[in-house]
Amino acid sequence: MKEWWQQLAPRERQVLLFGGAALAVILYVFAIRMPAAEAVAELRTHVSQERELVAWMEDSRREIRRLRGQADLSTAGESPHQSLYSLADASAREAGLDSVLSRVEPAGGNGARVNFEDIAFDELVRWLVQLRREHGIIADQVTVRRGTDQGRVNVQLVLEPA
């Protein structure tokens, strides 16, 4: 190969060097740079579309929760704008738990903190099942302490829409 190179005229060597350099640049541009740039552009488009999808899903989730809350409240004959703590208070009183209900207050944006003193555990569970079934409300945080008699408990819980 060296002999062949040495036998070439200086002008032929220059042409081959420039041709090799041009071929290297062309290969770099068409084999590496352009496909990489196209892949980056495609990924940017894909990421943008995925972000739009996530934003749409978040909006839909909020709308579903809003509609679910309105449907759950309206099926119980309540105003969709009624606060959760007033709904919890009213439903506890309707269930006959007003004698053991010690406190109901707002908690967070749309939650309610409810305290019962010396409530029968079975009555508490029935009331929570009724809240879930009729209003779509769940107990997010529950603290249970033993009450004065067997089967009775002191309870603090935070209610939230499901």
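Use the structure listed above.
This write-up is about the structure you can find in this document. (Residues numbered from 1 in each chain as written. Predicted model: local features only at pLDDT ≥ 70, side-chain atom pairs only at ≥ 80, totals over all residues. Heavy atoms only, no water.)

Quick word on the overall build of the protein chain
Applied cut-off: Labels follow the DSSP assignment, with helices taken as runs of H or I lasting at least four residues and strands as runs of E lasting at least two, numbered in each case from the N terminus. Throughout, the radius of gyration refers to the C-alpha atoms, and the reference size of a globule is 2.2 Å times the residue count to the power 0.38. To sort residues, take the accessible area from a 1.4 Å probe on protein chains only and compare it with the maximum for the residue type: under 20% means buried, over 50% means exposed, and anything in between is partly exposed. Here, residues are in contact when the closest pair of their heavy atoms is within 4.5 Å. Computed with a 1.4 Å probe, the accessible areas rest on the Shrake-Rupley method; for each residue, only the protein chains presented here act as cover. When charges are tallied, Lys and Arg are placed among the positive residues and Asp and Glu among the negative ones, while His and the ends of the chain are skipped. Every charge is mapped to an atom, namely NZ of Lys, CZ of Arg, CG of Asp or CD of Glu.
Of the regular secondary structure elements, the protein chain holds 4 helices and 4 strands. A compact globule built from 162 residues would reach a C-alpha radius of gyration of about 15 Å, whereas the protein chain, at 36 Å, exceeds it by more than 25%. C-alpha atoms of the protein chain, sized along the principal axes, occupy 110 × 35 × 20 Å. Considering the protein chain as a whole, with its 162 residues, one finds that 20% of them fall into the buried category. Contacts in the protein chain between residues far apart in sequence, at least 24 positions, make up 49% of those at least 6 positions apart. Carbon and sulfur atoms make up 55% of the accessible area of the protein chain, which totals about 11,700 Å². Distance from the positive charge centre (20 side chains) to the negative charge centre (23 side chains) of the protein chain: 8 Å.

A few points about a nonpolar patch on the surface
Formally: What makes a patch is a set of residues exposed beyond 30% relative accessible area and free of salt bridges, joined within 9 Å when like-charged and within 5 Å when nonpolar (Val, Leu, Ile, Met, Phe, Trp, Tyr). One speaks of a salt bridge when a side-chain nitrogen belonging to Lys or Arg is within 4 Å of a carboxyl oxygen belonging to Asp or Glu.
A cluster of nonpolar side chains, Phe121, Val125, Val129, Val142 and Val144, forms an exposed patch at the surface whose accessible area comes to about 380 Å². For the nonpolar patch, the secondary structure elements donating two or more residues are helix H4 (121-135) and strand S3 (137-146). With 3 residues, the top contributor of residues to the nonpolar patch is H4. On the secondary structure map, Val142 appears in strand S3. Judged by its relative accessible area of 46%, Val142 is partly exposed.

Some remarks on the nonpolar core
For clarity, the cut-off: Note on terminology: a nonpolar core comprises buried Ala, Val, Leu, Ile, Met, Phe, Trp, Tyr and Cys residues joined through side-chain atoms within 4.5 Å.
Membership of the largest hydrophobic core comes to 19 residues, with the highest contact counts inside it found for Val114, Phe116, Ile119, Trp127 and Leu159. For this core, the elements supplying multiple residues, two or more each, are helix H3 (84-94), strand S2 (111-120), H4 and strand S4 (152-161). Excluding residues that lie within four positions of it along the chain, Phe116 makes contacts with Ala92, Leu97, Val100, Leu101, Ser102, Leu124, Trp127, Val153, Asn154 and Val155.

Looking at H4
One turn of the α-helix equals 3.6 residues, which is why residues spaced by three or four share an orientation. Formally: A helix is expected to span 1.5 Å for every residue after the first. Think of the arc as the fan of directions from the helix axis to the C-beta atoms.
When the terminal C-alpha atoms of H4 are compared, their 21 Å separation across 15 residues agrees well with the 21 Å that a helix rising 1.5 Å per residue should span. Of all the residues in H4, the buried ones are Leu124, Trp127, Leu131 and His135. An end-on view of H4 places all buried positions within 65° of arc, on one side of the element. Set apart from the buried face of H4 by more than 90 degrees, the exposed residues are Asp122, Arg126 and Arg133. At the C-terminal side of H4, Gly136 shows a positive phi close to 70°.

Regarding H3
Listed in full, the buried residues belonging to H3 are Leu84, Leu87, Ala88, Ser91 and Ala92. Taken around the axis of H3, the buried residues stretch over an arc of 130°, which confines them to a single face. Just downstream of H3, Gly96 is the residue with a positive phi angle, here 80°.

Focus: the side chain of Asn115
Tracing the backbone shows Asn115 in strand S2. When its relative accessible area of 10% is taken as the criterion, Asn115 is described as buried. If near-sequence neighbours (up to four positions away) are discounted, Asn115 is found in contact with Val100, Leu101, Ser102, Arg103, Val155 and Gln156.

A look at the sheet that holds S3
In a beta sheet, neighbouring strands are held together by backbone hydrogen bonds and run either parallel or antiparallel to one another. To keep things clear, this is the line we draw: In this description, strands pair whenever DSSP reports at least two bridges between them. Lines fitted to the C-alpha atoms define the axes, with helices restricted to the stretch that makes contact. Angles between their N-to-C directions range from 0 to 180 degrees.
Strand order across the open sheet formed by 4 strands is S1-S2-S4-S3, with antiparallel pairing between neighbours. In this open sheet, the two strands that pair with only one neighbour each are strand S1 (101-107) and S3. Each strand axis lies, on average, 15° off the axis of its neighbour in the sheet, ignoring direction. Judged from the 7 bridges that link them, S2 and S4 form a sheet pairing that is antiparallel. Bridged to Ala112 within S4 is Leu159. The strands touched by H3 are S1, S2, S3 and S4; relative to S1, the strand with the most contacts, the crossing angle is about 160°. Running at roughly 150° to S2, H4 makes contact with S2, S3 and S4 of the sheet.

Shape is all these values report; function is a separate question.
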